[in-house]
Amino acid sequence: MGGRGGGCLNEFMNNPLKIAVASGKGGTGKTTIAVSLALTAAAAGRTVQYLDCDVEEPNGHIFFKPQIHSRFPAMVALPEVIKAQCNGCGDCADICAYNAIAVVRGQVLIFPELCRGCGACSLLCPKDAIVEISRPVGNVEIGVGAGVAFVRGVLSIGQIMTPAVIAAVKGAGGDQEITLLDCPPGTSCAVIEAVRDADAVLLVTEPTPFGLHDLTLAVEMTRALKKPFCVVLNRFDLGDDKTVAYCREENIPIILSIPDDRRIAEAYARGEALTEVLPSYAPVFTDAWERLLAWCERQIPRKKVPVPLDQGKAATS
Amino acid sequence: MKEIAVISGKGGTGKTSLTAAFATLGGKKVLADCDVDAADLHLVLHPEIIREEIFIGGSKAAIREEDCTGCGLCAEHCRFRAIGYSVTTNGEQAEKPIINPIFCEGCRLCARLCPVEAIAFEPAESGRLCVSGTPCGPMVHARLGVAQGNSGKLVTLVRQEARTIAEGEACELIIIDGPPGVGCPVIASITGVNLALIVTEPTLSGRHDLMRAAELTAHFRIPTLVCINKWDIHPGMTERIEKEARDHDVLPAGRIRYDRLVTDAQVQRTNVLACGDSAVGEDMKAVWRSVESALSNQ
Ligand code: SF4
Ligand code: SF4
Ligand code: SF4
Ligand code: SF4
């Protein structure tokens, strides 16, 4: 690993730190924040990777303009019947909890769009007549842009296995000191997959009724996952003061507030990184980055022995 | 009866504000909030809930500690990494595994494998479905429990309920507020609709996401319109997106200017058209006229 900036956090920073940038609502500036923090951390001398886990709408590449050096498909396992071995007993249709298998007059029919790749049918078929074959559901790209290691996943159009592509993106990540995960919006299975291996979560919101409502859902999710989290308030001077009041009541730190600045919207529209085209914001992000690290140090327990779960398995849903 | 879905590749493009404005226009209609992951339409339409139903999306597994022998078979085979061992503060791993319900997808594999039948399997509430009345007509909305999968199934239920109501009350139109993205809840929201309206913004990200959403609607052969919100933030990009959209047989339905009134209306918990005459309101009405004529041409 490369050199470390800011000596005081060294023991803590011996562990790579993974921060998920999420938001209940889309369009709150999540990507802008994740990109700016990644660039800020890199400028502070850390090795940084940015993982674009918003695989339905990945946009990070627009700002990093990365040189992609490798690509591979994200695969999920799909069962297939070896006809010669199958006796048509129908067990597999009973086993599948998602009705992805029907056995009609001794013929096994598999509906790929319902299968979640749980592996039960192939494991439990009494005749060992089901094998799993891999099928691509998206792509993963790895590269470097603006001094930051870059990985993104792209879900293929018409596919629904979003979490499988996210798992593939995380699997392609390196061991940089700092990892920023740009998560999909919402609170459903895709976000859970993106957030579950992070050490801390940044929730980006804006102080409008929609923003606040969706923030409360994101808070509920993050609490359920038992992750430490804090809030970034974007366009803080827009809307009303209810979001700030909510954060105060719930004891949620607001680590960074960014004004409703038309120049930020314009830079975003052109696909330019905020801290690069508007240098006056660079110190704002440097301050926020230091606050964030100090906060992480207080919140995240020294890393325990991680729960020994097999990371290599396809996590799909 | 016809169905129109308002979607957006990217979130936060003003889709819900536009849907709320549409709700006040035109004839009898049913509103369906299919953004079940982050349903916001109710915040501005003030629905009075008439009926609420529990939605069971699936079942969850749980280990009965007293019966478990700690053989580890279940943890070894769960593909969703839902089964693990807690670790005590001095770094020791517990003898028996536990199931984290957030990650459990209810595939039942663990329960079938467990040699001593120590795993119970219970249906779990994963959301609520509500049928409500609003000043603009009946509305069906839902709330997916946090950390729940199966949003596609809940979206399908919302749409079924909306259709039943539309038939019962002789409504001509269902307006669907769809989720962002191109994944399973979006697919569930648009399959079989008569028209999709993609709301986007004149940014590089907006353009990229619009193209993906347009590919999705093309994949399902759904006639599609696009509307550029806050078009005046970047007029050049607006032109470019509209041209590219045309090349993909997606017709522009109009442009909506940037106006803080849209946010102000939201803060006042109402829709733009209820805030008196405004240029941005006229823009929205013009988009609605394009939608109506596209629907009647079918
Ligand atoms: S369980 Fe195996 S043998 Fe029985 S029908 Fe299914 S594939 Fe055939
Ligand atoms: S892998 Fe699981 S979900 Fe897929 S068909 Fe087999 S049992 Fe059903
Ligand atoms: S039911 Fe399936 S997903 Fe849930 S814990 Fe058991 S094996 Fe894992
Ligand atoms: S398979 Fe059954 S007995 Fe073995 S660890 Fe799991 S719950 Fe316990």
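Going by the structure above, here's the rest.
How each quantity is defined
- In this numbering scheme, every chain counts its residues from 1 along its sequence in written order.
- For this description, chains carry letters from A and ligands carry numbers from 1, given in the order in which they are written.
- Since the coordinates come from a predicted model, pLDDT governs what is reported: local features require at least 70, and pairs of side-chain atoms require 80 or more to be given and counted, while whole-chain, interface and lining totals use all residues.
- Water and hydrogen atoms were dropped before computing side-chain values, which therefore reflect all heavy atoms in the structure.
- Here a strand is any run of E in DSSP of at least two residues, a helix any run of H or I of at least four, and the numbering for each starts at the N terminus.
- Relative accessibility thresholds used throughout: buried, under 20% of the residue-type maximum; exposed, over 50%; partly exposed, between the two (1.4 Å probe, protein chains only).
- Throughout, a residue-residue contact means that at least one pair of heavy atoms, one from each residue, lies within 4.5 Å.
- Only the protein chains shown count as cover for residues, with accessible areas throughout obtained via the Shrake-Rupley method and a probe of 1.4 Å.
- Stacked, tilted and edge-to-face are the three classes assigned to paired rings of Phe, Tyr and Trp, where Trp is represented by its six-membered ring and a pair needs centres within 6.5 Å; plane angles under 30 degrees give stacked, over 60 edge-to-face, the rest tilted.
- Two thresholds decide whether a charge sits over a ring: the Lys NZ or Arg CZ must be within 6 Å of the ring centre and within 35 degrees of the ring normal.
- All axes here are fitted lines through C-alpha atoms, helices being fitted over the stretch that makes contact, and every angle between N-to-C directions spans 0 to 180 degrees.
- Should an angle fall under 35 degrees it is called roughly parallel, over 145 degrees roughly antiparallel, and 65 to 115 degrees roughly perpendicular, with every other angle called oblique.
- For this scheme, ten residues count as nonpolar: Ala, Val, Leu, Ile, Met, Phe, Trp, Tyr, Cys and Pro. Four count as charged, namely Asp, Glu, Lys and Arg, and the remainder, Gly too, count as polar.
- Any two strands with at least two DSSP-identified bridges between them are counted as paired.
- Note: buried area is the sum, over both parts, of the accessible area (probe 1.4 Å) each one loses when the two are combined.
- By salt bridge we mean one thing: a side-chain nitrogen of Lys or Arg within 4 Å of a carboxyl oxygen of Asp or Glu.
- Polar contacts, as used here, are pairs of N or O atoms within 3.5 Å; protein pairs need one atom able to donate a hydrogen and one able to accept it. Residues neighboring in sequence count only if both atoms are side-chain atoms.
- To be near a molecule or strand, a residue needs just one of its heavy atoms within 4 Å of it.
- Each nonpolar core is a collection of buried residues, namely Ala, Val, Leu, Ile, Met, Phe, Trp, Tyr and Cys, held together in the definition by side-chain atoms within 4.5 Å.

Caption draft 1: Region of interest: the overall build of chain A. In terms of helices and strands, chain A carries 12 helices and 11 strands. For chain A, buried positions account for 56% of its 317 residues. Across chain A, the fraction of contacts at a sequence separation of at least 24, relative to all contacts at a separation of at least 6, is 75%. Carbon and sulfur atoms form 52% of the exposed surface of chain A, whose accessible area is close to 12500 Å².

Caption draft 2: Just the packing of aromatic side chains, in detail. Summed over the entire model, instances satisfying the criterion amount to 5 aromatic pairs over all chains. Plain terms: the ring middles of Tyr50 of chain A and Phe150 of chain A are 5.8 Å apart, the flat faces sit at 20 degrees to each other, and that makes the pair stacked. One end of the pair, Tyr50 of chain A, is in strand S2 (residues 48-52); the other, Phe150 of chain A, is in strand S7 (residues 148-155), and 100 residues separate them in sequence. Here Tyr50 of chain A and Phe150 of chain A have matching classes, each one buried. Taken together, the ring pairs in this structure connect Tyr50, Phe64 and Phe150 of chain A into an aromatic cluster. The lysine or arginine in question, Arg196 of chain A, covers the ring of Phe103 of chain B, its NZ or CZ lying 3.7 Å from the ring centre. One cation-aromatic arrangement involves Arg255 of chain B over Trp231 of chain B; the distance from NZ or CZ to the ring centre is 5.0 Å.

Caption draft 3: Broad picture of the packing of helix H7 (residues 204-219) of chain B against helix H8 (residues 235-247) of chain B. All names here are of chain B. Close contact between H7 and H8 brings their axes to 10 Å; oriented N to C, the two are set at 10 degrees. Here H8 runs roughly parallel to H7, going by the angle between their axes. Along the contact surface, H7 presents Leu204, Arg207, Leu210 and Met211, while H8 presents Met237, Arg240, Ile241, Glu244 and Ala245. Its residues assigned to classes, the contact of H7 with H8 shows 6 nonpolar, no polar and 3 charged.

Caption draft 4: Summary view of the sheet that holds strand S9 (residues 195-200) of chain B. All names here are of chain B. Here 9 strands make up an open sheet; going across it, the order is S3-S6-S7-S2-S8-S1-S9-S10-S11 and the pairing mixed. One side of each edge strand has no neighbouring strand; the edge strands of this open sheet are strand S3 (48-63) and strand S11 (251-256). Direction aside, neighbouring strands of the sheet carry axes that sit 20 degrees apart on average. Pairing of strand S1 (residues 2-8) with S9 involves 4 bridges; the strand directions are parallel. The partner of Ile4 across the bridge, within S9, is Leu195. Against the sheet, helix H1 (residues 15-23) engages S1, strand S2 (29-33), strand S8 (173-180), S9, strand S10 (224-229) and S11, with an angle of about 170 degrees to S8.

Caption draft 5: Molecular detail of the interface of chain A and chain B. Counting residues at the interface gives 76 residues for chain A and 67 residues for chain B. Carbon and sulfur atoms supply 57% of the area buried between chain A and chain B, which totals about 6000 Å² over both sides. Broken down residue by residue, the surface that chain A buries against chain B is led by Glu57, Ile157 and Phe210 of chain A, which jointly contribute 13%. The partner of Asp260 of chain A in a salt bridge is Arg260 of chain B, with the nearest N and O atoms 3.3 Å apart. Along the contact surface separating chain A from chain B lie 29 residue pairs in polar contact (both at pLDDT 80 or more). Elements supplying a minimum of two residues to the side of chain A that touches chain B: helix H3 (60-64), helix H4 (91-95), helix H5 (120-124), S7, helix H6 (162-171), helix H7 (189-195), helix H8 (209-224) and helix H10 (262-270) of chain A. With 8 residues, H8 of chain A is the single largest residue contributor to the side of chain A that touches chain B. For the side of chain A that touches chain B, a count of residues per class yields 35 nonpolar, 20 polar and 21 charged.

Caption draft 6: Quick look at the site of ligand 4. Close to ligand 4 lie 13 residues; Cys68, Cys71, Gly72, Cys74 and Cys114 of chain B are nearest. Broken down by class, the residue content of the shell around ligand 4 amounts to 10 nonpolar, 3 polar and no charged.

Caption draft 7: Just the environment of Glu201 of chain B, in detail. Residue and element names in this part refer to chain B. In this structure, Glu201 sits in the loop between S9 and H7. Along the sequence, Glu201 and Arg51 sit 150 residues apart, while their C-alpha atoms lie 36 Å from each other. What Glu201 contacts, discounting residues up to four positions off in sequence, is Lys10, Gly12, Thr13, Gly206, Arg207, Ile228, Asn229, Lys230 and Ile241.

Caption draft 8: Layout of the sheet that holds strand S6 (residues 130-145) of chain A. Residue and element names in this part refer to chain A. Read across the sheet, 9 strands follow the order S3-S6-S7-S2-S8-S1-S9-S10-S11 without closing on themselves; strand pairing throughout is mixed. In this open sheet, the two edge strands, each paired with only one partner strand, are strand S3 (67-81) and strand S11 (254-258). Direction aside, the axes of adjacent strands within the sheet are offset by 20 degrees on average. Where strand S1 (residues 17-22) and strand S9 (residues 200-205) come together, 4 bridges link them in parallel fashion. Each residue of the ladder has a partner; that of Ala22, found in S9, is Leu203. Helix-sheet contacts for H6 involve S2, S3, S6, S7 and strand S8 (178-182), and the interaxial angle to S7 is about 160 degrees.

Caption draft 9: A look at the environment of Arg159 of chain B. All names here are of chain B. Among the structural elements, Arg159 can be located in helix H5 (residues 151-168). Counting along the chain gives 18 residues from Arg159 to His141, while the straight-line C-alpha distance between them is 9.3 Å. If we skip the residues at most four places from it in the chain, Arg159 touches Glu3, Cys34, Ile176, Ala188, Ser189, Ile190, Thr191, Gly192 and Val193.

Caption draft 10: Here's a closer look at the nonpolar core. One finds Leu202, Leu203 and Leu292 of chain A to be the most contacted residues of the largest nonpolar core, which totals 163 residues. Counting 35 residues, the second largest nonpolar core, distinct from the first, contains Leu41, Val199, Val272 and Ala294 of chain B.

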